[in-house]
Amino acid sequence: MKRFSDKTVLVTGGSSGIGLAAAKAYAEEGARVVITGRDKAALDQASKSIGTSAIGIVNDAGSLPAAKTLADDLSGRGLRLDAIFVNAGVAKFASLDNATESLWDQIFDTNAKGPYFQLQALQSLLNKGAAVVINGSINARIGMPDTSIYAASKAALISLARTLSAELLPRGARVNVLSPGPVSTPIYGKLGVDAATLETVAAQIQSQIPLGRFGSPEEIAATVLHLTAPESAFIVGTEIVVDGGMSQL
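Residues numbered from 1 in each chain as written. Predicted model: local features only at pLDDT ≥ 70, side-chain atom pairs only at ≥ 80, totals over all residues. Heavy atoms only, no water.

Draft legend 1. Expanded view of the UniProt feature "domain: Ketoreductase" (unreviewed entry) in the protein chain. When the UniProt feature table is mapped onto this chain numbering, "domain: Ketoreductase" (unreviewed entry) sits at residues 7-181. Between the first and last C-alpha atoms of residues 7-181 the distance is 29 Å; the span itself is 45% helix and 22% strand. (UniProt positions renumbered as here; feature names shortened; annotations may be inferred. Helix = DSSP H or I, 4+ residues; strand = E, 2+ residues; numbered from the N terminus.)

Shown next, in the form of structure tokens:
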């Protein structure tokens, strides 16, 4: 029997990259999958690629009103959740000299405040035994230049995974965080740099990974599924690092 047969899973930011890979993996394991994102066209395309079990909902992960709207939408469809992958986020970088308040607000709204209030709104829809995985980053653990705001937002998520675990355990739900290292996803094409610079940066990063390569979205997705499947029921409030050894060796 498939691990997620008769289960309903929510993946925020599920229209591309790690989120889409996780959504596809869940569907292959029998789940009904709900994905969210800001771009309806991208959501429609992603839903089609996932299969007939997929539901795409336009939703802004950084908006507090949108958090309640998402919960109301799911409730109105009669859906309760067995797993949530809190994946939606933004990666933008700036040096201390060039950082602005607006950049800080954008990153923290999307990466920390939004996920927190999404979980607040969704907690009543969690079935007993449900599992939540929050997408962190190894940037919270390494001193990479120009990533201070982004890294701080991910460090906040690692802390939230622990405290929210304690708060949600009485509901029979558990929370963990997954911190990927460099992964080949479309997010690198959204950093606002030209192709030559992007290639140089990618080569520099790759040279720091002991395995000598970027991870794949599918490799990260496999860990997401493990953390929300019954076999990981004893893993609570912790962080799993998946980075090819970059922050470990």
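Now that the structure has been shown, we can carry on.
Draft legend 2. Quick look at the pattern of salt bridges. A complete count under the given rule lists nine salt bridges for this structure. When the shortest N-O distance is used, the salt bridge between K68 and D72 registers 2.9 Å. On the criterion of helical spacing, the pair formed by K68 and D72 is a turn pair, its members being four residues apart in helix α3 (residues 64-76). On the basis of relative accessibility, which here comes to 52%, the residue K68 falls in the exposed class. Residues D73 and R77 are paired through a salt bridge, measuring 2.6 Å at the closest nitrogen-oxygen approach. When its relative accessible area of 25% is taken as the criterion, D73 is described as partly exposed. You can call R77 partly exposed: its relative accessible area is 43%. The network of salt bridges with common partners includes R3, E29 and E231. (Salt bridge = Lys/Arg side-chain N within 4 Å of Asp/Glu carboxyl O. Buried < 20%, exposed > 50% of the residue type's maximum accessible area, 1.4 Å probe, protein only.)

Draft legend 3. Inspection of the side chain of E239 at higher detail. In this fold, E239 is placed in strand β7 (residues 239-242). Under the relative-accessibility criterion, E239 is labelled buried at 13%. In this structure the side chain of E239 is engaged in a polar contact, spanning 2.3 Å, whose partner is the side chain of R141. Engagement of the side chain of E239 in a polar contact is seen with the side chain of S179, the distance being 2.6 Å. Among all residues touching E239, those that are not within four sequence positions of it are R141, I158, V177 and S179. (Polar contact = N/O pair within 3.5 Å; in protein donor to acceptor, adjacent residues only side chain to side chain. Contact = heavy atoms within 4.5 Å.)

Draft legend 4. The arrangement of the environment of I209 in detail. Within the fold, I209 resides in the loop between α6 (195-206) and α7 (217-228). According to the relative accessible area criterion, I209 is buried, its value standing at 5%. Separated by 57 residues in sequence, I209 and A152 have C-alpha atoms that sit 22 Å apart. Excluding anything up to four places from it in sequence, I209 contacts P182, F214, D243, G244 and M246.

Draft legend 5. View of the sheet that holds β7. Spatially, the seven strands line up as an open sheet ordered β3-β2-β1-β4-β5-β6-β7, and their pairing is parallel. Across the chains shown, the open sheet's two edge strands, defined by having one partner strand only, are β3 (54-58) and β7. Shown here is a sheet whose adjacent strand axes are inclined to one another by a mean of 20 degrees, direction ignored. Across the sheet, α3 is in contact with β1 (8-11), β2 (32-37), β3 and β4 (81-86); its angle to β3 comes to roughly 145 degrees. Against the sheet, helix α4 (residues 101-122) engages β1, β4 and β5 (126-135), with an angle of about 175 degrees to β4. (Pairing = 2+ DSSP bridges. Axes fitted to C-alpha atoms, helices over the stretch in contact; angles between N-to-C directions.)

Draft legend 6. Geometry of the packing of α3 against α4. Closest axis-to-axis distance for the α3/α4 pair is 8 Å, and the angle between their directions is 35 degrees. Seen along the crossing, α3 lies across α4 with a hand that is right-handed. Contacts from L64, A67, K68, L70, A71 and L74 of α3 reach α4 at K113, F117, Q118, A121 and L122. Class assignment for the residues of the contact of α3 with α4 results in eight nonpolar, one polar and two charged. (Left-handed = near helix turned anticlockwise from the far one by under 90°. Nonpolar A, V, L, I, M, F, W, Y, C, P; charged D, E, K, R; others polar.)

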